[in-house]
Amino acid sequence: MDSTPEPYAHRDDALAWQENALCAQTGADFFFPAPGSSTREAKQLCGACEGREACLAYALDHDERFGVWGGLSEKERQRLRRGRA
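Residues numbered from 1 in each chain as written. Predicted model: local features only at pLDDT ≥ 70, side-chain atom pairs only at ≥ 80, totals over all residues. Heavy atoms only, no water.

I'd like to hear about the overall build of the chain, residue by residue, with values.
When helices and strands are counted, the chain shows six helices and zero strands. Helices and strands in the chain line up, N terminus first, as α-α-α-α-α-α. Among the 85 residues that make up the chain, the fraction classed as buried is 25%. Of the roughly 6,300 Å² that the chain leaves accessible, carbon and sulfur atoms contribute 50%. (Helix = DSSP H or I, 4+ residues; strand = E, 2+ residues; numbered from the N terminus. Buried < 20%, exposed > 50% of the residue type's maximum accessible area, 1.4 Å probe, protein only. Areas by Shrake-Rupley, 256 points an atom, 1.4 Å probe, with all protein chains shown as cover.)

Listed below in structure tokens is the structure:
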């Protein structure tokens, strides 16, 4: 019998994409570059990742304001959010 409380069991499913995400095999600095630094390499890695769509959805749902998530920078996610409103 699983003793994990229901809300947490659902949360694990929602974050399952992280287990195989390519970013999990790379340092966090790669996806959270210093201001003004290039995000090109991180975006290229995201483009090859099978979890990209789930990652982007997570970032939008949780209002992630920093770093590259789902292949988009902070500014790109902000524009996407405004386009949805």
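How would you summarise unusual backbone geometry if you had to cite specific residues and measurements?
The residue Asp63 is not glycine, and still its phi comes out positive at about 50 degrees. Summarising the element assignment, Asp63 is placed in the loop between α5 (52-61) and α6 (74-84).

Can you break down the packing of aromatic side chains residue by residue, with the values?
According to the stated counting rule, one finds three aromatic pairs in the structure shown. Aromatic side chains Phe30 and Phe31 sit 5.2 Å apart centroid to centroid with 75 degrees between the ring planes, which places their arrangement in the edge-to-face category. Using a relative accessible area of 5% as the deciding quantity, one classes Phe31 as buried. Taken together, Trp17, Tyr58 and Trp69 form an aromatic cluster joined through their ring pairs. (Phe/Tyr/Trp six-rings, centres within 6.5 Å; stacked < 30°, edge-to-face > 60°.)

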